Amino acid sequence: LEAGLRKRIDAGAADRRESTRIVLHGSGGLAAPSLGAMNRLHRRVLGLGAGVAYDFIIGRDGEGEVIAVGDRWTSGVPKDGEIRICLRGDFETSGPSPQQLAAVDELIDYLRVAVGHLRVTTHAREAGRPVGCMGEAFPEAAILEALNLQP
């Protein structure tokens, strides 16, 4: 992770010490082309006054995969025990890119150092039902198995 990103994560980590889980989301059919477009979508279309409802967003932006810090990490949003990571893309026909998977793995490793042990789950598992954001090709079981391995 870049030094600037680590610094932003560290700045919000103290407020997240009570977090117990990381919840993975997908942007699904609402895959906005940029973080700014996602912010506008969440505020204007979905009616979320706080903006982007994720702590981190991982997706292609310009020349490569990037990890962006979302409004939820930097704002005074009430802490609910979860850290939300959104993988940008419509995963109906293909899953996340290898670069996205490597970025989420690296981010989760760093969050576990900064915040403490965090169980990884998905929006679908938290909801207890299928959700549209994940997509049919999202390899949920394999990702969760890999990210929740015990040392």
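Data block above holds the structure.
Rules of the game
- Residues numbered from 1 in each chain as written.
- Predicted model: local features only at pLDDT ≥ 70, side-chain atom pairs only at ≥ 80, totals over all residues.
- Heavy atoms only, no water.
- Helix = DSSP H or I, 4+ residues; strand = E, 2+ residues; numbered from the N terminus.
- Buried < 20%, exposed > 50% of the residue type's maximum accessible area, 1.4 Å probe, protein only.
- Polar contact = N/O pair within 3.5 Å; in protein donor to acceptor, adjacent residues only side chain to side chain.
- Contact = heavy atoms within 4.5 Å.
- Phe/Tyr/Trp six-rings, centres within 6.5 Å; stacked < 30°, edge-to-face > 60°.
- Axes fitted to C-alpha atoms, helices over the stretch in contact; angles between N-to-C directions.
- Parallel < 35°, antiparallel > 145°, perpendicular 65-115°, else oblique.
- Left-handed = near helix turned anticlockwise from the far one by under 90°.
- Nonpolar A, V, L, I, M, F, W, Y, C, P; charged D, E, K, R; others polar.

A. Seen up close, the side chain of Arg21. Positionally, Arg21 belongs in strand β1 (residues 21-26). The class of Arg21 is buried, set by a relative accessible area of 15%. A distance of 3.3 Å separates a polar atom in the side chain of Arg21 from a polar atom in the side chain of Glu82. Setting aside residues no more than four positions away along its own chain, Arg21 makes contact with Asp80, Gly81, Glu82, Ile83, Leu118, Arg119, Thr121 and Glu126.

B. View of the packing of aromatic side chains. Inspection of the entire model under this criterion finds two aromatic pairs. Measuring from centroid to centroid gives 4.9 Å for Phe56 and Trp73, while their planes differ by 50 degrees, and the two rings are tilted. Placement of Phe56 in strand β2 (residues 56-61) and of Trp73 in helix α3 (residues 71-74) is noted, with a sequence separation of 17 residues between them. The exposure class assigned to Trp73 is buried, which follows from its relative accessible area of 5%. Taken together, a centroid distance of 5.6 Å and an interplanar angle of 55 degrees make the contact between Phe91 and Phe138 tilted. Here Phe138 lies in the loop between α5 (123-127) and α6 (140-147) and Phe91 lies in the loop between β4 (82-87) and α4 (98-115), a separation of 47 residues in the sequence.

C. Broad picture of the environment of Ser19. Mapped onto the secondary structure, Ser19 falls in the loop between α1 (3-13) and β1. Spatially, the C-alpha atoms of Ser19 and Asp80 are 7.3 Å apart, while their sequence positions differ by 61 residues.

D. Layout of the packing of α1 against α4. For the pair α1 and α4, interaxial distance at closest approach is 10 Å and the crossing angle is 40 degrees. As judged from the angle between their axes, α1 and α4 are oblique. As for the relative orientation of α1 and α4, their crossing is right-handed in sense. Contact with α1, carried on its side by Arg6, Ile9, Asp10 and Ala13, involves Leu107, Tyr110, Leu111, Ala114 and Val115 of α4 and no other residues of that element. Here the residues of the contact of α1 with α4 are counted per class, giving seven nonpolar, no polar and two charged.

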